[in-house]
Amino acid sequence: MSSPAIFLDRDGTIIVEKSYPSHPDQVALVEGAIAGLRAMAKHGYPLVVVSNQSGIGRGYFSIEQADAVERRVIDLLACKGVTVAAWYRCPHAPDAGCACRKPAPGMIHSAVRDLDLDPARSFVIGDKWSDIELAAAVGAVGILVTTGYGNLDADRARKQRVAVCRDLVEADAEITRHLALDRV
Ligand SMILES: [Mg+2]
Ligand SMILES: [Zn+2]
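A. Region of interest: the coordination of the zinc ion (ligand 2). Looking at the metal site, the zinc ion (ligand 2) is ligated by C90 (SG), H92 (ND1), C98 (SG) and C100 (SG), spaced 2.0 to 2.2 Å from it. Considering all four donor atoms around the zinc ion (ligand 2), the spread of angles at the metal, 102 to 117°, places the coordination shape in the tetrahedral class. Within one chain, the residues serving as donors to the zinc ion (ligand 2) are arranged as C-x1-H-x5-C-x1-C. Within this pair, whereas C90 is found in strand β3 (residues 86–90), its partner C100 is found in the loop between β3 and α4 (106–115), the two being separated by ten residues in sequence. The residues C90 and C100 share a single accessibility class, namely buried.

B. The arrangement of the pattern of salt bridges in detail. All told, the structure shown has twelve salt bridges when counted by the stated rule. Close ionic contact of R166 with E170 constitutes a salt bridge, the shortest N to O distance being 3.5 Å. What makes R166 exposed here is its relative accessible area of 56%. Classification of E170 as partly exposed rests on a relative accessible area of 29%.

C. The arrangement of the side chain of K102 in detail. Following the sequence through the fold, K102 ends up in the loop between β3 and α4. Look at K102 and you get buried, because its relative accessible area is 5%. A polar contact of 2.8 Å, which involves the side chain of K102, links it to the side chain of D131. Beyond its immediate chain neighbours, meaning those up to four positions away, K102 contacts D9, V50, S51, N52, M107, S130, D131 and L134.

D. Examining the packing of aromatic side chains more closely. In the structure shown here, the tally under the stated rule is one aromatic pair. Between Y20 and Y60 the ring centres are 4.8 Å apart and the planes differ by 85°, which places this aromatic pair in the edge-to-face class. Taken together, the residues Y20 in the loop between β1 (6–8) and α1 (33–41) and Y60 in the loop between α2 (54–57) and α3 (63–78) connect sequence positions 40 residues apart. On the accessibility criterion, Y20 (33% relative accessible area) is partly exposed.

E. Examining the coordination of the magnesium ion (ligand 1) more closely. Surrounding the magnesium ion (ligand 1) are the protein donor atoms D9 (OD), D11 (O) and D127 (OD), which sit 2.1 Å from the metal. Mapped onto the polypeptide sequence, the residues donating to the magnesium ion (ligand 1) form the spacing pattern D-x1-D-x115-D. Of this pair, D11 sits in the loop between β1 and α1 while D127 sits in the loop between β4 (123–126) and α5 (129–138), and the two are 116 residues apart along the sequence. Each member of the pair, D11 together with D127, is buried.

F. Broad picture of unusual backbone geometry. Residue P103 is reached from K102 by a cis peptide bond, and omega for that bond is 15°. Mapped onto the elements, P103 comes out in the loop between β3 and α4. With phi around 55°, D116 is a residue other than glycine that occupies positive phi space. With a relative accessible area of 45%, D116 lands in the partly exposed category. Phi at R161 takes a positive value of approximately 60°, unusual for a residue other than glycine. Note on placement: R161 falls in the loop between α6 (154–159) and β6 (163–165). Given the relative accessible area of 80%, R161 is considered exposed.

G. Spotlight on the packing of α1 against helix α7 (residues 168–183). Contact geometry of α1 with α7 gives a least axis separation of 7 Å together with a crossing angle of 20°. Considered as vectors, α1 and α7 are oriented roughly parallel to each other. Between α1 and α7, the residues in contact are A33, A35, G36, L37, A39 and M40 and L168, V169, A171, D172 and I175, respectively. Here the residues of the contact of α1 with α7 are counted per class, giving nine nonpolar, one polar and one charged.

The rules behind the values
Residues numbered from 1 in each chain as written. Chains lettered and ligands numbered in written order. Predicted model: local features only at pLDDT ≥ 70, side-chain atom pairs only at ≥ 80, totals over all residues. Heavy atoms only, no water. Donors = N, O, S within 2.8 Å, 3.2 Å for Na, K, Ca; no water. Tetrahedral: all angles 85-135°; square planar, octahedral: opposite > 155°, others 65-115°. Helix = DSSP H or I, 4+ residues; strand = E, 2+ residues; numbered from the N terminus. Buried < 20%, exposed > 50% of the residue type's maximum accessible area, 1.4 Å probe, protein only. Salt bridge = Lys/Arg side-chain N within 4 Å of Asp/Glu carboxyl O. Polar contact = N/O pair within 3.5 Å; in protein donor to acceptor, adjacent residues only side chain to side chain. Contact = heavy atoms within 4.5 Å. Phe/Tyr/Trp six-rings, centres within 6.5 Å; stacked < 30°, edge-to-face > 60°. Axes fitted to C-alpha atoms, helices over the stretch in contact; angles between N-to-C directions. Parallel < 35°, antiparallel > 145°, perpendicular 65-115°, else oblique. Nonpolar A, V, L, I, M, F, W, Y, C, P; charged D, E, K, R; others polar.

Written out as structure tokens, the structure is:
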């Protein structure tokens, strides 16, 4: 049977938001990221990163630079015992009309195929409204974190009964709460 997954945005959610990061030295983990991701891993669902990287399509940095940044994130997580099952990236500019730039669900569709996932039992965590729209597009539960740009959309999220969490530790508590409700 297909497994649920925990889909995570990268910039502003796992690493500190730095507009269009292009060098590994710009990578710093958000406070609580390691503790939150470790806790999430205990649910037994794969962690999958889905990240818009339009800096590539806009010509701000190359795919090789994007790879180097991503590699640093992977290394920082791995040395703390956190393994991400798969990384997806949309490299396109907003006007490219691609199917993968969030909130379009292309990256999740790829992950569902690659890893045999059940999006309707999954979670999507991010700091932007596009992450919440992405969750809705695939029938997953969206969770807004107020790291990164999250405060900009916190009121809108609360009005629409979307969980608003301070960091990934709180987001994991929200996941735990949902899973407990599902079991009743
Ligand atoms: Mg983000
Ligand atoms: Zn794309």
